[in-house]
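# Architecture at a glance
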Amino acid sequence: MPAWSAFTTILPLVGIPVATALGYLSGRLLQTRKQLVLQKGQAYADCLEALAISATDSRSMTAIAMAADAKTRVCIYGSHAVIKQLSAFEQVGAKISSDESGQVVVHLLAAMRNDMGPFGRKIDEMDLHYVLFGSDR
């Protein structure tokens, strides 16, 4: 039984530091993940705000700078699907000036929502279109 006694004496001495290290690492990982989600959400919100400003503003330097900053952060934090939709928006002229560009913005917003996490049921893109542009488009 002396081996068992040594084991029960050493186990807490080894187990406590290991448990502490694992707790620290998991906490750091959770904090990093949380920060990335916050950065991504802010980049998405800023990108949509820049799109809205550029739709109403005649492309002032402030609007252009804001859009460039938001797009850069979307390229850093965004998912493949979101970057693909942002690219599609650039390909139609990077302005909300037609039904086609409006539809691309709706697809972009839907991709952003899907990327940010599970919200339950999927939102109908036509509902997003009405919220963004009203029913006259």
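In this report, the structure presented in the accompanying data block is examined.

Rules and cut-offs
- Residues numbered from 1 in each chain as written.
- Predicted model: local features only at pLDDT ≥ 70, side-chain atom pairs only at ≥ 80, totals over all residues.
- Heavy atoms only, no water.
- Axes fitted to C-alpha atoms, helices over the stretch in contact; angles between N-to-C directions.
- Helix = DSSP H or I, 4+ residues; strand = E, 2+ residues; numbered from the N terminus.
- Parallel < 35°, antiparallel > 145°, perpendicular 65-115°, else oblique.
- Left-handed = near helix turned anticlockwise from the far one by under 90°.
- Contact = heavy atoms within 4.5 Å.
- Salt bridge = Lys/Arg side-chain N within 4 Å of Asp/Glu carboxyl O.
- Buried < 20%, exposed > 50% of the residue type's maximum accessible area, 1.4 Å probe, protein only.

## Some remarks on the packing of helix H4 (residues 99-116) against helix H5 (residues 125-133)
Two numbers describe a pair of packed helices, the interaxial angle and the distance between the axes. Packing of H4 against H5 brings their axes to within 9 Å, and their N-to-C directions diverge by 115°. Between H4 and H5, the angle is such that the two are roughly perpendicular. Where H4 crosses over H5, the two elements pack in a sense that is right-handed. Contacts from Gly102, Gln103, Val105, Val106, His107, Leu109, Ala110 and Arg113 in H4 reach Glu125, Leu128, His129, Leu132 and Phe133 in H5.

## Here we look at the pattern of salt bridges
As enumerated under the stated definition, the model contains four salt bridges in all. Between Lys40 and Asp115 there is a salt bridge, with its nearest N and O atoms 3.2 Å apart. Pair noted here: Lys40 is in helix H1 (residues 2-56) and Asp115 is in helix H4, with a separation of 75 residues, a long-range link. Of the charged contacts, one joins Arg73 and Asp69 as a salt bridge, the two residues approaching to 3.0 Å between their closest N and O atoms. Pair noted here: Arg73 and Asp69 are both in helix H2 (residues 61-77), with a separation of four residues, about one helical turn. Linked through salt bridges whose partners overlap, the residues forming this network are Asp46, Asp69 and Arg73.

## A look at the side chain of Ser79
Here Ser79 shows up in the loop between H2 and helix H3 (80-91). Given a relative accessible area of 18%, Ser79 falls into the buried group.

## A short note on unusual backbone geometry
Positioned with a positive phi, Ala94 is a non-glycine residue whose angle comes to about 55°. Mapped onto the elements of the fold, Ala94 is located in the loop between H3 and H4. With a relative accessible area of 8%, Ala94 lands in the buried category.

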